[in-house]
Amino acid sequence: MSLEFLTCDIEQHVAVVTINRPPVNPLNSKVFKELVTIFNELEENSQVRVIILTGSGEKAFVAGADINEMADLNLVGMMNMNRVSREAFSKIENASKPVIAAINGLALGGGLELALACDLRICSEKAKFAFPEVGLGIIPGGGGTQRLQKIVGQGIAKELLYFGDMFDANRALELHIVNKVVPGEELLATAKQWAEKLAQKPPVALRMLKIAVNAGSNADLETGLTLEASSFANAFSTEDRKEGLKAFVEKRKPVYVGK
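From a predicted model like this one, the values you see are computed outputs, not experimental measurements. (Residues numbered from 1 in each chain as written. Predicted model: local features only at pLDDT ≥ 70, side-chain atom pairs only at ≥ 80, totals over all residues. Heavy atoms only, no water.)

Quick notes on the environment of Gly164
Keep this limit in mind: Elements are defined by DSSP. Helices are runs of H or I of four residues or more, strands are runs of E of two residues or more, and each kind is numbered from the N terminus. Only heavy atoms matter for contacts: two residues are in contact if any of them lie within 4.5 Å across the pair.
Note on placement: Gly164 falls in the loop between helix 6 (154-163) and strand 9 (167-168). As for Gly164 and Glu133, which are separated by 31 residues in sequence, their C-alpha atoms are 6.9 Å apart. Not counting residues up to four positions away in its chain, the partners in contact with Gly164 are Ala130, Phe131, Pro132 and Glu159.

Structure representation (structure tokens):
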């Protein structure tokens with residue numbers, strides 16, 4: 001499948017995936033399908049250890065779903081679109097490699113849902129956020145009602161979802177929706193610095209961490225502890241674990257191979 005709305009550049013174990021639908025990069029069914037395609041390819045690429053997801057231009061990361069497409073859909077069509085969007089968001093959330101959202105501008109509705117599906121979020125100081133769906137007579141349908149409350153708590157989530165008001169980068173940082181706020185001109189460089197640092201970590205251990213945290217967040221404590229113990233055992237059985245301990249004893253920088 002050729003990519004019409006996405007570009008992907010790979011350098012030093014880091015893939016930068018850019019959504020390119022100027023001026024505001026809205027999500028439609030084709031974009032969702034392309035996201036699934038590119039993340040499947042990156043999953044199989046052993047040279048890629050970290051993925052950055054961003055939007056083209058300076059105006060928007062993703063300013064929501066494509067309203068022009070949605071307006072003409074009947075219920076069956078909307079259910080089909082929701083199915084492909086859910087597949088895309090889940091593919092990103094469950095990728096075995098860390099995914100960093102570099103939020104370069106507006107992240108509204110589906111755009112904010114897309115960012116919440118990523119592991120880490122860095123935004124420009126000019127970024128703006130909102131779930132405006134209620135003002136259109138609908139609600140978020142790409143996981144926003146679920147992923148948001150896991151980060152900010154139910155009370156704040158209801159405030160943001162019920163009112164649908166726009167909030168800025170500092171508010172997003174205060175609520176832990178983003179991990180870091182930087183000047184716009186430093187955004188991609190900062191995301192790449194984080195990605196390159198993560199790319200030097202043992203890939204299997206990172207994968208096991210992601211499984212333990214993601215799966216554990218949906219489980220009771222005892223189940224979560226069992227998941228953690230299993231993930232710990234998997235990480236402990238790797239060659240990278242041997243290299244990490246050996247490098248520590250020898251007081252040198254470890255070289256991880258992902259095995």
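A closer look at a nonpolar patch on the surface
In plain terms, the rule: Patches were defined on residues exceeding 30% relative accessible area and lacking a salt bridge, with like-charge contacts within 9 Å and nonpolar side-chain contacts (Val, Leu, Ile, Met, Phe, Trp, Tyr) within 5 Å. In these tables, accessible area is a Shrake-Rupley quantity obtained with a 1.4 Å probe, and a residue counts as shielded only by the protein chains included in the view. Here, a salt bridge means any Lys or Arg side-chain nitrogen found within 4 Å of an Asp or Glu carboxyl oxygen. Partly exposed describes any residue whose relative accessible area lies between the buried limit of under 20% and the exposed limit of over 50%, with all areas from a 1.4 Å probe on protein chains only and scaled to the type maximum.
Taken together, Ile67, Leu136 and Ile138 make up a surface patch of nonpolar side chains, about 270 Å² in accessible area. Within the secondary structure, Leu136 is located in the loop between strand 8 (128-130) and helix 5 (144-152). For Leu136, a relative accessible area of 56% gives the class exposed.

Looking at the packing of helix 1 (residues 29-44) against helix 3 (residues 75-93)
Heads up, the rule is: In this description, a line fitted to the C-alpha atoms serves as the axis of each element, helices being fitted only across the stretch in contact, and the angle between N-to-C directions of two axes falls anywhere from 0 to 180 degrees. Oblique is the label for any angle not covered by the other classes, which are roughly parallel (under 35 degrees), roughly antiparallel (over 145) and roughly perpendicular (65 to 115). Handedness of a crossing is defined here by the sense of rotation of the near helix relative to the far one, left-handed for an anticlockwise turn of less than a right angle and right-handed for a clockwise turn. Side-chain classes are defined by residue name, with Ala, Val, Leu, Ile, Met, Phe, Trp, Tyr, Cys and Pro counting as nonpolar, Asp, Glu, Lys and Arg as charged, and the others, Gly among them, as polar.
In the contact formed by helix 1 and helix 3, the axes pass within 9 Å of each other and the chain directions differ by 30°. The orientation of helix 1 relative to helix 3 falls into the category roughly parallel. Crossing geometry of helix 1 relative to helix 3 is assigned as left-handed. In this structure, helix 1 contributes Ser29, Phe32, Lys33, Leu35, Val36, Phe39 and Asn40 to the contact, and helix 3 contributes Met81, Val84, Ser85, Glu87, Ala88, Phe89, Lys91 and Ile92. Residue composition of the contact of helix 1 with helix 3, by class: nine nonpolar, three polar and three charged.

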